[in-house]
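Below, each chain spelled out in residue letters.
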Amino acid sequence: NKAQGIALVERDADGVDRAFRKDVLEGMRGEQKAIPARWLYDDAGSQLFEDITEVPEYYPTRSETEILESQSRDFADLIGSGRAVVEFGSGSSVKTPLLLSAIEPAAYVPLDIAGDFLRAAADQLQGKFPNLPIYPVEADFMRRVELPAEVSDMPKLGFFPGSTIGNMIASSAVDLLRSMRATLLEGQEHSGDRTAPMLLIGMDLVKDVEVLKAAYDDAAGVTAEFNRNVARRMNRELDGDIPVDALRHEARWNDEVARIEMHLVATREIAFTLSGERFTMLEGETIHTENSHKFTERSSNLLLMSGGWSPVKRWTDSEDRFSLILARS
Ligand code: AVI
């Protein structure tokens with residue numbers, strides 16, 4: 001059954017994702033408590049992120065969708081048909097139909113760490129594209145992924161929308177771009193220029209700080225819930241007792257490195273355990289839960305080139321808030 005996909009997440013005997021436990025415990029022992037942003041996306045977190053994309057202040061999804069809707073002719077010309085589209089961190093795959101309808105792909109491979117969510121989205125997409133072979137893969141796309149054998153002979157287009165690359169610090173972003181290239185190149189190493197992997201990637205742009213801060217601290221409090229959900233996840237999966245009501249969401253602009261940071265701020269002194277280990281937080285102390293880097297044309301080109309990709313074409317939305325870039329290996 002294709003829709004079952006392949007599960008590649010390593011779990012401990014108690015069913016806990018081993019990397020999650022390691023990342024949380026290490027991150028909570030540091031001077032500045034911090035958790036890698038990818039752990040925000042359990043099934044509940046993935047759903048909350050989808051909800052964020054609907055709040056009026058969160059422009060990236062709408063801006064990127066506008067680009068995808070308006071550039072289908074360019075995509076057809078520059079990407080062409082017959083590629084296997086590999087989407088990294090596909091989530092609910094809402095933007096995918098816009099790309100798939102523009103380029104006539106040979107197959108679609110959504111990769112995501114949230115398995116149930118991934119399979120539900122793949123099923124839904126299959127309804128829209130009944131003849132398209134879809135091979136969902138439950139995997140952490142930060143590492144090189146072995147793609148299903150069915151697509152090994154097809155030239156690939158990596159699709160990485162949403163500016164998720166911005167959630168990584170530069171060194172990890174470069175590692176990811178390189179491992180994406182390795183994933184997409186597998187089986188195509190000797191096929192020549194015409195079939196070299198391509199990458200279509202979204203990158204959010206530097207802009208007015210108030211617009212940015214509002215996008216990450218919406219009035220309805222959806223982003224706050226998204227942020228606090230990671231503390232709930234720690235409690236649930238690591239047998240923890242963090243008093244989640246004592247954690248306040250904060251979105252900060254870090255100008256030095258052009259990024260929005262999400263923090264969970266302790267509103268009073270608290271103590272809790274996670275996997276049997278005890279932690280304390282003073283009032284005002286924070287857990288740093290996410291970075292969302294914003295790019296300029298130059299910084300995005302530089303990052304792509306550092307990751308082994310050559311930019312081919314760059315599109316922005318009508319308000320110049322967001323960019324979508326096509327690159328080739
Ligand atoms: C998924 N990622 C690109 C989102 C972003 O904008 O950095 C995650 C997010 N965090 C808070 N709001 C949205």
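Presented here is a report on the structure given in the accompanying data block.

## A look at the overall build of the protein chain
- Each helix and strand in the protein chain was counted, giving 10 helices and 14 strands.
- Relative to the globule expectation of 20 Å for 329 residues, the C-alpha radius of gyration of the protein chain, 20 Å, shows essentially globular dimensions.
- For the C-alpha atoms alone, the extent of the protein chain along its principal axes is close to 60 × 45 × 35 Å.
- Here the protein chain holds 329 residues, and 54% of them are scored as buried.
- Put simply, 69% of the contacts in the protein chain that link residues at least 6 apart link residues at least 24 apart.
- Here the protein chain displays about 14400 Å² of accessible surface, and carbon together with sulfur accounts for 47% of that area.
- Taken as two groups, the 37 positive and 55 negative side-chain charges of the protein chain have centres that lie 3 Å from each other.

## Focus: the site of the ligand
- Taken together, 14 residues lie around the ligand, and Tyr58, Asn167, Tyr216, Glu290 and Ser292 are the ones closest in.
- Across the complex, the protein chains shield 97% of the 340 Å² of accessible surface that the ligand would expose by itself.
- For the shell around the ligand, the elements supplying multiple residues, two or more each, are α2 (43-52), α9 (222-237) and β12 (286-293).
- Residues of the shell around the ligand, tallied by class, amount to 7 nonpolar, 6 polar and 1 charged.

## Description of helix α10 (residues 297-306)
- Buried residues of α10: Ser300, Leu303 and Leu304, and no others. Mapping the buried residues of α10 onto a view down its axis gives an arc of 95°, with all of them on the same face. Among the exposed residues of α10, those pointing more than 90 degrees away from its buried face are Arg298 and Leu302.
- Buried residues along α10 sit against α7 (170-185), β7 (198-204), β13 (310-316) and β14 (322-328).

## Points about the sheet that holds strand β8 (residues 247-254)
- If you trace the 4 strands from one edge of the open sheet to the other, you get β2-β12-β9-β8, paired in mixed fashion. Since the sheet does not close on itself, it has two edges, and those belong to β2 (33-34) and β8, each with one partner.
- Sheet topology note: the β8/strand β9 (residues 259-266) ladder contains 8 bridges and is antiparallel. Bridge pairing in β9 links Ala251 to Met262.

## Examining the pattern of salt bridges
- In total, this model carries 27 salt bridges according to the counting rule given.
- Between Glu186 and Arg144 there is a salt bridge, with its nearest N and O atoms 2.6 Å apart. One end of the pair, Glu186, is in the loop between α7 and β7; the other, Arg144, is in the loop between β5 (137-138) and β6 (156-160), with 42 residues separating them in the sequence.
- Overall, Glu186 belongs to the partly exposed group, its relative accessible area being 37%.

Reading the values: the criteria
- Residues numbered from 1 in each chain as written.
- Predicted model: local features only at pLDDT ≥ 70, side-chain atom pairs only at ≥ 80, totals over all residues.
- Heavy atoms only, no water.
- Helix = DSSP H or I, 4+ residues; strand = E, 2+ residues; numbered from the N terminus.
- Rg over C-alpha atoms; globule rule 2.2 N^0.38 Å.
- Buried < 20%, exposed > 50% of the residue type's maximum accessible area, 1.4 Å probe, protein only.
- Contact = heavy atoms within 4.5 Å.
- Areas by Shrake-Rupley, 256 points an atom, 1.4 Å probe, with all protein chains shown as cover.
- Lys, Arg positive; Asp, Glu negative; His and termini not counted.
- Charge placed at Lys NZ, Arg CZ, Asp CG, Glu CD.
- Near = heavy atom within 4 Å.
- Nonpolar A, V, L, I, M, F, W, Y, C, P; charged D, E, K, R; others polar.
- Arc of directions from axis to C-beta.
- Pairing = 2+ DSSP bridges.
- Salt bridge = Lys/Arg side-chain N within 4 Å of Asp/Glu carboxyl O.

Scope: geometric values only; no functional claims are made or implied.
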